[in-house]
Each structure stands twice: as structure tokens, then as C-alpha cells.
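This is what each chain is made of:
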Amino acid sequence: PSTSRSVVIDGPGRHSLQITPVPRLSHDDALIRVGYVGVCATDVEVANGRLEYYEQGMAHFPIVPGHEYSGVLADTGPAARGLKKGQKVVGECAIGCGRCSACDVGEYYRCPRRQEVGVINKNGAYAHYLSIPAKYVHKLPADMPLKYGALVEPTAVCLKGLRKLTLEPGRNV
């Protein structure tokens, strides 16, 4: 298909369902047909224009929100490796520039020029299709329901926080 229905936020308090073009793939991108997408408090902050990235001018409208998602691989660019059409997948949120010291050590979320799917200057999953660089795509087990796959991102955020704590057996947290 050449078009998709997408929720587009045009500015604070201004959002609508629109017909948008299916994203074009660059040489190393993956096109994902969205199966499920979560609704996050960040999405509400973006919609209200209250997320600090928008207030500080780091992110700009319009944007298609949605960073907690799962789907099926619909297509790949010619340089995308290790992925096959029809695979169940999820994608990372932070997409680094690939040229800074943070990206050099794999800390894309610290990249000063990063994009964040559905948050900072990269359309997200409140659409039928989204594209991201294939290196940020992760395969899901074939028997995993896609609705559970959409929980990978929020679960990863919780696990990252838990790993920062110093926990001892039997301690209440």
C-alpha cells in the first residue's frame, strides 16, 4: 500500500486521524506493519505539548506518536541484514546519529542528535506502518502474541531501573 491511516499531532492539543504516505525505506531500513501499540504517559505529554523536548525546541510537530509497539516485518531496504518479511518484531526507541562518542559505545539514548520513535522527530507506531533502521529491530519468538510484544519497551524501562538499584535478598522495594 502507498498510504496509511495515522494519528498525527500537529501541535499542542491538535491531533487527528490522517491519511499519510507509507514511509519510504532507505538502504538499511525496516518497514514494520504495526500490530499493537501501547499508550504511554509520554504520548499524552507530546499531545499536550508539555514534554520537555518540545518545550526546549529539541523536538518538533507534526509527529505520529507511539514508541511501545510490536508488529510484523513488511519489507527491508537492500542493506538490512538478518531480517525476513513476516517475522514478528519490536523496535528500539532511541535512534542515534552513529557518529558521536555516545553512539560509538552503543548508548544511542545519550546521543545529542538522536531521534526517538514517536517522540523526537521520528514518526511512531500510531500508524499502520513505521520505518526504522534495521539495526534497531529485534525479532520476537514466533509463538509470542504480538500484544505481548508491545510490552517489551515498558518492561525494558522497568528492568533498566531495577538494575540501577542495589538490591539485597529479602529487602522490600
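Scroll up a little and you will see the structure.
Residues numbered from 1 in each chain as written. Predicted model: local features only at pLDDT ≥ 70, side-chain atom pairs only at ≥ 80, totals over all residues. Heavy atoms only, no water.

As paired strands, strand E1 (residues 3–11) and strand E2 (residues 14–21) are joined by 8 bridges and run antiparallel to one another. If you follow Val-7 over to E2, its bridge partner there is Leu-17. Counting the residues that bridge the hairpin from E1 to E2 gives 2 residues, and of these Gly-13 lies at a positive phi of roughly 75°. (Pairing = 2+ DSSP bridges. Helix = DSSP H or I, 4+ residues; strand = E, 2+ residues; numbered from the N terminus.)

Right, let's get into the pairing of strand E3 (residues 29–37). In the sheet, E3 pairs with strand E9 (residues 129–133) via 5 bridges, with the strands oriented antiparallel. Following the sheet pairing, Arg-33 is matched in E9 by Tyr-129. In the sheet, E3 pairs with strand E4 (residues 69–76) via 7 bridges, with the strands oriented antiparallel. Counted as the bridge partner of Tyr-36 is Ser-70 from E4.

Looking now at the sheet that holds strand E7 (residues 115–117). Strand order in the open sheet made by the 3 strands is E6-E7-E8, with mixed pairing throughout. Strands at the two margins of the open sheet, each flanked by one partner only, are strand E6 (94–95) and strand E8 (121–122). For E6 and E7, the ladder comprises 2 bridges, and the chain directions are antiparallel. The partner of Ala-94 across the bridge, within E7, is Glu-116.

So, about the side chain of Glu-153. Structurally, the position occupied by Glu-153 is in helix H5 (residues 152–164). Despite its burial, Glu-153 pairs with no opposite charge, the nearest such side chain being Lys-160 at 9.7 Å. (Buried < 20%, exposed > 50% of the residue type's maximum accessible area, 1.4 Å probe, protein only. Lys, Arg positive; Asp, Glu negative; His and termini not counted. Salt bridge = Lys/Arg side-chain N within 4 Å of Asp/Glu carboxyl O.)

Here we come to the sheet that holds strand E5 (residues 88–91). Strand order across the open sheet formed by 5 strands is E9-E3-E4-E5-E10, with antiparallel pairing between neighbours. Looking at which strands have only one partner, the edges of the open sheet turn out to be E9 and strand E10 (137–139). Pairwise comparison of adjacent strand axes, ignoring direction, gives a mean angle of 45° for this sheet. Bridge analysis of E5 against E10 gives 3 bridges, and the strand direction is antiparallel. Bridging from a neighbouring strand, Gly-91 pairs with Val-137 of E10. (Axes fitted to C-alpha atoms, helices over the stretch in contact; angles between N-to-C directions.)

On to a nonpolar patch on the surface, then. A contiguous nonpolar surface patch, about 480 Å² in accessible area, is contributed by Leu-159, Leu-162, Leu-165, Leu-167 and Val-173. Its location among the elements puts Leu-159 in helix H5. (Patch = residues over 30% accessible without salt bridge, like charges linked within 9 Å, V, L, I, M, F, W, Y side chains within 5 Å. Areas by Shrake-Rupley, 256 points an atom, 1.4 Å probe, with all protein chains shown as cover.)

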